[in-house]
Amino acid sequence: MSSEALSGLRVVELAEVWAGPFGCSLLGDLGAEVVKLESYPRTSTTRPLTVPDARVADGPGPVYERANTHHHGNRNKRNIAVDVRRPEGAEVLRRLVRWGDVLVESFSAGTIARLGFGWEAVHRLNPRLTMISLAGWGQEGPYQGYVMYGAGFEAMSGLASVRGYPGAPVEELIPTLHSDSTVPLALIFAVVTAAIRREQGGEGSYIDLAQVEELATQIPGVLGEWTLNGRVPPRRGNDDPHLVPHGCYRSGTEDGWVAIAAENDAQWGGLARAMGHAEWAADGHPWATLPGRLREREAVDRAVGEFARTGAPYEIADRVQAAGAIGAPANPPEGPLYSPQLHERGWFQSVDHPYVPSRLLGGFLWRLSPDEPSWDRRCGLLGEHNREVLREVGYDEGEIDALFEADVLGDRYPDPPGSGAG
């Protein structure tokens, strides 16, 4: 049984890729009843139809049921697949709007209104329902209707210009998109706030959550440096302008790296002892104080780098932590799978799926006592819960059969041309 924190809250999700879907998964973790309505017969971006595709796991069954991004972002939901462009499919969505408490949509601005489900129409159907729109640029302005994903938000907000290493081209960025991590949390905040407001006034709210604006709130220092001081912040890599040492250093193993930092003189003293040079923190030594280390940044970094090469990443990190400073191995992508800390806390979840071999997937953002979140529902198959959900909103079996026969409901995508599938 998952958390009861949001038990009784019904969420209808019309969102794709990551930010919206993962935010709704977090609501499911907290006990909300989430119904994900996928487009049909159009495919979602995270449901590729053909291989080779780096996102797709080996295994039997349809390619679109084996994409890792779709599995990670869509737990704790029920799944239906509906062609809402058809009148019969639009009626399914109308019934879900009347059933639900929250509608989450991530179309470009204006799309949902053209389908007949803009805020005014939705509010007439269910005055108590809250609607959250996650269009990248928001619902108004000269970019209304523009389509964009996380890379565009990082470019437009200015984040891309300050990420990376000094002198490196601006396009050399790690493909980890900041807004994909922060927008889901903003979504939860918005849902809970709207739920409180509804309890006070009885009506739902409309929330225009522009992803580019949410990302901009994550980098106030960057924006403030320009707007207040007229300076363009430099790209610093792993460096910190106010701390020395603060970096990622090559370890003594091939391709191994370890992050090491000292925030103050006390931490530096511990790190100096761990490096076998307690005298570097003694009174009178030029490195004993932070101003001195800032003046001799390059020399300090060389000394720490030489120490880092004396062992493996975990070994060095443990020695640094034991001395009272900051150290952590810089894991490769598969590194967290071997983390003793994550395994001891039971963070990884082993999830069974009809088409994907048993494997470990990431766990939850929090531990909530007394009713912890749990992975009650693996990622749903396409249209897996069509009948179950439609019965709940008033359809009988004959009506559901008719929707399948008319291709308004689906539970598989047509085989792509040239796929060789039967």
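Since the structure is predicted, the reported quantities are computational estimates derived from the model, not experimental observations.

**A few points about the pairing of strand β4 (residues 102-105)**
Turning to step 1, where the next piece is worked out: The alternating pattern of β4 places V102 and V104 on one face and L103 and E105 on the opposite face, and all of these are buried.
Turning to step 2, where the next piece is worked out: Inspection of the sheet shows strand β1 (residues 10-14) paired to β4 by 4 bridges, in the parallel sense. The partner of V11 across the bridge, within β4, is V102.
Turning to step 3, where the next piece is worked out: Where β4 lies against strand β5 (residues 130-133), 4 bridges are found, and the strand directions are parallel. When the sheet's bridge partners are listed, L103 is paired in β5 with M131.

**Here's the deal with the pairing of strand β7 (residues 246-250)**
Turning to step 1, where the next piece is worked out: Burial of β7 is one-sided: the residues G247 and Y249 facing one way are buried, the residues H246, C248 and R250 facing the other way are not.
Turning to step 2, where the next piece is worked out: Sheet topology places β7 next to strand β8 (residues 257-261); 5 bridges connect them, and they run antiparallel. Residue pairing across strands places Y249 opposite V258, the latter belonging to β8.
Turning to step 3, where the next piece is worked out: In textbook terms, the turn of a hairpin is the stretch between consecutive antiparallel strands, and for β7 and β8 this stretch comprises 6 residues, one of which, D255, has a positive phi near 60 degrees.

**Brief notes about the side chain of Q211**
Turning to step 1, where the next piece is worked out: Examined against the element boundaries, Q211 turns out to sit in helix α9 (residues 211-216).
Turning to step 2, where the next piece is worked out: For Q211, a relative accessible area of 10% puts it in the buried group.

**Examining the sheet that holds strand β6 (residues 206-208)**
Turning to step 1, where the next piece is worked out: One open sheet holds the 6 strands; their spatial order is β3-β2-β1-β4-β5-β6, and the pairing between them is parallel. Both outer strands of the open sheet, β3 (78-82) and β6, are each paired with one neighbouring strand and no more. Averaged over all pairs of adjacent strands, the angle between their axes in this sheet comes to 20 degrees, without regard to strand direction.
Turning to step 2, where the next piece is worked out: Relative to β3, strand β2 (residues 33-39) is paired through 5 bridges, and the arrangement is parallel. Pairing of K36 across the sheet is with N79, part of β3.

**Quick word on the packing of aromatic side chains**
Aromatic ring pairs are reported here in terms of the distance separating the ring centres and the angle at which the planes meet.
Turning to step 1, where the next piece is worked out: Counted by the stated rule, this structure contains 10 aromatic pairs.
Turning to step 2, where the next piece is worked out: Their ring planes at 15 degrees and their centres at 4.9 Å tell us that W18 and F22 sit as a pair that is stacked.
Turning to step 3, where the next piece is worked out: Judged by relative accessible area, which is 15%, F22 ranks as buried.
Turning to step 4, where the next piece is worked out: Ring centres 6.3 Å apart and planes at 20 degrees place the aromatic pair Y40 and Y413 in the stacked group. Remark: Y413 occurs in the segment after α17 (397-405) and Y40 occurs in the loop between β2 and α2 (68-72); sequence separation between them is 373 residues. Of the two residues, Y40 and Y413, both sit in the buried class.
Turning to step 5, where the next piece is worked out: An aromatic cluster is present here, built from W137, Y143, Y146 and F153 joined pairwise through their rings.
Turning to step 6, where the next piece is worked out: The ring centre of W375 lies 4.9 Å from the NZ or CZ of R75, which sits over that ring.
Turning to step 7, where the next piece is worked out: The lysine or arginine in question, R95, covers the ring of Y395, its NZ or CZ lying 3.8 Å from the ring centre.

**Here's the deal with helix α11 (residues 265-274)**
For the α-helix, the turn length of 3.6 residues means that residues three or four positions removed from each other point alike.
Turning to step 1, where the next piece is worked out: Among the residues of α11, those classed as buried are Q267, W268, G269, G270, L271 and A272.
Turning to step 2, where the next piece is worked out: Summarising the contacts, the buried residues of α11 are in contact with β8, α12 (290-295), α13 (297-308), α14 (313-322) and β9 (326-329).
Turning to step 3, where the next piece is worked out: Once α11 ends, the next one or two residues include G276, with phi positive near 85 degrees.

**As for the sheet that holds β7**
Turning to step 1, where the next piece is worked out: Taken in spatial order, the 3 strands make up an open sheet running β7-β8-β9, and their pairing is antiparallel. Whereas interior strands pair on both sides, the edge strands pair on one side only; in this sheet they are β7 and β9. Looking at each pair of strands side by side, their axes are set apart by 20 degrees on average, direction ignored.

**Notes on the environment of G89**
Turning to step 1, where the next piece is worked out: Tracing the backbone shows G89 in helix α3 (residues 87-99).
Turning to step 2, where the next piece is worked out: Separated by 42 residues in sequence, G89 and M131 have C-alpha atoms that sit 19 Å apart.
Turning to step 3, where the next piece is worked out: Not counting residues within four places of it along the chain, the set of residues in contact with G89 comprises V82, D83, V84 and V408.

Rules used in this analysis
- Residues numbered from 1 in each chain as written.
- Predicted model: local features only at pLDDT ≥ 70, side-chain atom pairs only at ≥ 80, totals over all residues.
- Heavy atoms only, no water.
- Buried < 20%, exposed > 50% of the residue type's maximum accessible area, 1.4 Å probe, protein only.
- Helix = DSSP H or I, 4+ residues; strand = E, 2+ residues; numbered from the N terminus.
- Pairing = 2+ DSSP bridges.
- Axes fitted to C-alpha atoms, helices over the stretch in contact; angles between N-to-C directions.
- Phe/Tyr/Trp six-rings, centres within 6.5 Å; stacked < 30°, edge-to-face > 60°.
- Lys NZ or Arg CZ within 6 Å of the ring centre and 35° of its normal.
- Contact = heavy atoms within 4.5 Å.

All we've got here are geometric facts, nothing functional implied.
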